[in-house]
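Residues per chain are reported as follows:
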Amino acid sequence: MEITAYPLSWPIAAYPKTPMNRREEAKFEVSFAVARDHLLNELRLLGATNLILSSNIPLRKDGIPYANFLQPDDPGVAVYFVWRKIFYVLACDRWTKVKDNFRAIGLHINALRGIERWGVGSIEQAFSGYQALPEAQQPMNYGEALLDNHY
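Report on the accompanying structure. Remember, predicted model here, so these are calculated numbers, not experimental data.

## A look at the overall build of the protein
Counting its regular elements, the protein contains four helices and three strands. Helices and strands in the protein line up, N terminus first, as α-β-β-β-α-α-α. Intrachain contacts of the protein at a sequence separation of at least 6 include 69% that bridge at least 24 residues. For the protein, the computed accessible surface area is about 9400 Å², with 55% contributed by carbon and sulfur atoms.

This is how it looks when you write it as structure tokens:
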């Protein structure tokens, strides 16, 4: 799968899409530009490199999504990046607006960074489930897998 900033490259193997009728209106009270810039700052503070902010928002010449746009049918956002030499992806489409999905990912990264600040765990522990894995070739047949293991 080629990862593009525009249009949205959704990491389907790691994040099932939220059905349209299950998406919610968020209560984040920030503009798109604030949500986007907060996310970029959180990634900078984390030390992430090789960023790809993927959404259905057209890009400016510098590769950053425009702040003024028509809301797309699919408000999903996926953020691909390298951190400590490992490729990760965080994605969100729970909210009905792109800005709110950007905001949710930025707040999520802030909370993950807090784990290390608070001394209870490490970011590596938290990030272990977010590695950007390749798309699955075929769904696994769990019945056959259980039989193969001969419980």
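There's more to say after this.
## A closer look at the pattern of salt bridges
For the structure on display, the rule yields 10 salt bridges. For Asp74, the salt bridge identified is with Arg23, shortest N-O distance 3.7 Å. Of the two residues, Asp74 is situated in the loop between strand 1 (49-55) and strand 2 (77-83) and Arg23 in the segment before helix 1 (32-46); the sequence distance between them amounts to 51 residues. For Asp93, the salt bridge identified is with Arg23, shortest N-O distance 3.3 Å. Here the residue Asp93 occupies a position in the loop between strand 3 (86-92) and helix 2 (98-118), and Arg23 occupies one in the segment before helix 1, the gap between them amounting to 70 residues. Assigned by exposure class, Asp93 and Arg23 land together as buried. It is possible to trace a salt-bridge network through shared partners that takes in Lys17, Arg23, Asp74 and Asp93.

Procedures and definitions
Residues numbered from 1 in each chain as written. Predicted model: local features only at pLDDT ≥ 70, side-chain atom pairs only at ≥ 80, totals over all residues. Heavy atoms only, no water. Helix = DSSP H or I, 4+ residues; strand = E, 2+ residues; numbered from the N terminus. Contact = heavy atoms within 4.5 Å. Areas by Shrake-Rupley, 256 points an atom, 1.4 Å probe, with all protein chains shown as cover. Salt bridge = Lys/Arg side-chain N within 4 Å of Asp/Glu carboxyl O. Buried < 20%, exposed > 50% of the residue type's maximum accessible area, 1.4 Å probe, protein only.

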